[in-house]
Amino acid sequence: CGLVAAMGFPQILFFGYETLDALLADVNFPLWLLLSLVVLKPLMTSISLGSGLVGGTLAPTMFLGATLGASYGKILHYGYTGLSSFAVNALGSETASVMTSSFSFADPPAYSIIGMAAALAGVFRAPLFSFLLIFEMTRDYRILLPLMASVGLSSWYVEKYETDQEKKKQARTEEELNSSATFPQPPPRPVSQNQLLDFGDRSENDAAAILESMNVGECMNRNLTVLNATDSVQAALDRMDIARDGFAIVVRRDDHNVASLFGVITVEDMSKLYSVAAVESDVNGSKPKALQNVSDIPVGDICAKDIVSVFSYTNLRVAYELLQAYALHQLIVFKDEQSYEVMGIIDAEVIRTSYKLEEIKR
């Protein structure tokens, strides 16, 4: 590919310094050739870098800037010539001469010089380096102001473009998060065909149709045990014992005492923590102290933060398949994707009971 391109456009070979010298010496290049070089040189450089044939990016960047600047200068010249001809034909030579006499253009090499500086500043994020390098090459004080303007504009545009792209990326991530009705989670295991058949003698399609006719919001458990992230494990166990609940949500409060969901925790999680501490303390001979240390741990430090959730309008089939695929006991239920208000929880037993009641009605 590179060999074929080089046969038609030998200017793209190697560093391209001969072409740069020719542009700065005001050698006349056709516009079609300049535009072709603007496309081919970056393309061939990218292929070389991607294949491991690293030859540097400084010279190709200068080459790109010079050819792009020269192309811009020629386009301006052709546009000016065409506008002048139109003005002469439409308004007469005297009027056209008055109108066009106020326009003046720099020499063609100046556009190549300004283009080199702008490209260097944009690619290497080094406006001062680009300005000093090009000025040292030319030592032409007449281009100081346009040189500074092009370098500053190039650096500003690249910075703005990257910032906008980062914002768009974050927006897409948030949109995907909102539309999925779940927080970050591992890839689910495939749901087997018979998992929907444990609801009775109906076929899988019939069972699925019944489940899809009901929403999570109609069946969920609204009695929630809510813990603060700063609550200790012992305090959490006391609260859950009073509520006779093995599952609790953990919230974190900001400076204005506004709560936001932080994670979830179960009695099994805390029981495992005590079991590990008990085994380790048997070895060290300090069991009471070890268990006390566990009791003082904030639940925010041990709760599960990768939460799988659904919205209140999600149908029961989706909720059931999520429970099966992730081997979970409960799912958090949010009101909608705008507010993310926690409405309750849904579990497999509630789904089965709701299914049975709906089946009886039918």
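The structure this text deals with has already been given above.
Our subject in this report is the structure included herewith. Note that the structure is a prediction, hence the values are computed from the model and not measured.

### Regarding the overall build of the protein
- Scanning the protein from N- to C-terminus turns up 15 helices and six strands.
- Evaluated residue by residue, the protein yields a buried proportion of 36% over its 362 residues.
- Partitioning the contacts of the protein with sequence separation of at least 6, the portion at a separation of at least 24 is 64%.
- In the structure as shown, the protein presents an accessible area of about 21700 Å², 59% of it carried by carbon and sulfur atoms.

### Some remarks on the pairing of strand β5 (residues 330-334)
- Counting buried positions along β5 yields four of five residues, so the element is predominantly enclosed.
- Bridging between strand β4 (residues 309-311) and β5 involves three bridges; their strand directions are parallel. When the bridges of β5 are listed, Ser-309 appears paired with Ile-332.
- Viewed along the sheet, the connection from β4 through helix α14 (residues 316-326) into β5 turns out right-handed.
- Inspection of the sheet shows β5 paired to strand β6 (residues 342-347) by five bridges, in the antiparallel sense.

### Some details on the packing of aromatic side chains
- Counted under the stated rule, the structure contains four aromatic pairs.
- Centre to centre, the rings of Phe-311 and Tyr-313 are 5.4 Å apart; their planes meet at 35°, and the pair counts as tilted.
- On the basis of relative accessibility, which here comes to 2%, the residue Phe-311 falls in the buried class.
- Judged by relative accessible area, Tyr-313 falls into the partly exposed class, the value being 44%.
- In this arrangement the basic side chain of Lys-41 is found over the ring face of Phe-63, its NZ or CZ atom lying 5.2 Å from the centre.

### Here's the deal with unusual backbone geometry
- In this structure, Asp-26 takes a positive phi of about 65° despite not being glycine.
- Within the secondary structure, Asp-26 is located in the loop between α2 (17-24) and α3 (31-50).
- Residue classification places Asp-26 among the partly exposed residues on the basis of a relative accessible area of 44%.

### A short note on the sheet that holds β5
- The three strands lie next to each other as β4-β5-β6, forming an open sheet whose pairing is mixed. For this open sheet the edge positions go to β4 and β6, each flanked by a neighbour on one side alone. Geometrically, the sheet is characterised by an average inter-axis angle of 35° between neighbouring strands, direction not taken into account.

### Some words on the pairing of strand β2 (residues 247-253)
- Burial within β2 is extensive, with five of its seven residues counted as buried.
- Where strand β1 (residues 226-228) meets β2, three bridges bridge the pair, whose relative direction is parallel. For Val-226, the partnering residue across the bridge sits in β2 and is Ile-249.
- Note on the crossover from β1 through helix α11 (residues 233-243) to β2: the handedness is right-handed.
- As paired strands, β2 and strand β3 (residues 259-266) are joined by seven bridges and run antiparallel to one another. Note on β3: the bridge partner recorded for Phe-247 is Thr-266.
- The antiparallel pairing of β2 with β3 creates a hairpin that spans five residues between the two strands, and Asn-257 there sits at a positive phi of about 65°.

### Overview of the pattern of salt bridges
- The final tally for this structure, using the stated rule, is six salt bridges.
- Across the pair Glu-212 and Arg-317 runs a salt bridge whose closest N-O atoms are separated by 3.0 Å. On the criterion of sequence distance, the pair formed by Glu-212 in helix α9 (residues 204-212) and Arg-317 in helix α14 is long-range, its members being 105 residues apart.
- A residue is classified by how much of its surface remains accessible, and Glu-212, at 41% relative accessible area, is partly exposed.
- For Arg-317, a relative accessible area of 24% gives the class partly exposed.
- Through salt bridges that share partners, Glu-212, Arg-317 and Glu-321 make up one connected network.

### Structural notes on α11
- Those residues of α11 that sit buried are Val-233, Ala-236 and Met-240. Take α11 and look down its axis: the buried residues cluster within an arc of 60°, on one side only.
- Of the residues trailing α11, Arg-244 is marked for its positive phi of about 55°.

### Focus: the packing of α14 against helix α15 (residues 348-361)
- Interaxial distance between α14 and α15 falls to 10 Å at its minimum, and their mutual angle equals 145°. Considering how the two elements wind past one another, α14 and α15 form a crossing that is left-handed. Residues Leu-316, Ala-319, Tyr-320, Leu-323 and Gln-324 of α14 pack against Ala-348, Ile-351, Arg-352 and Ser-354 of α15.
- For the contact of α14 with α15, a count of residues per class yields six nonpolar, two polar and one charged.

Conventions we followed
Residues numbered from 1 in each chain as written. Predicted model: local features only at pLDDT ≥ 70, side-chain atom pairs only at ≥ 80, totals over all residues. Heavy atoms only, no water. Helix = DSSP H or I, 4+ residues; strand = E, 2+ residues; numbered from the N terminus. Buried < 20%, exposed > 50% of the residue type's maximum accessible area, 1.4 Å probe, protein only. Contact = heavy atoms within 4.5 Å. Areas by Shrake-Rupley, 256 points an atom, 1.4 Å probe, with all protein chains shown as cover. Pairing = 2+ DSSP bridges. Right-handed = clockwise from strand over helix to strand, strands pointing away. Phe/Tyr/Trp six-rings, centres within 6.5 Å; stacked < 30°, edge-to-face > 60°. Lys NZ or Arg CZ within 6 Å of the ring centre and 35° of its normal. Axes fitted to C-alpha atoms, helices over the stretch in contact; angles between N-to-C directions. Salt bridge = Lys/Arg side-chain N within 4 Å of Asp/Glu carboxyl O. Arc of directions from axis to C-beta. Left-handed = near helix turned anticlockwise from the far one by under 90°. Nonpolar A, V, L, I, M, F, W, Y, C, P; charged D, E, K, R; others polar.

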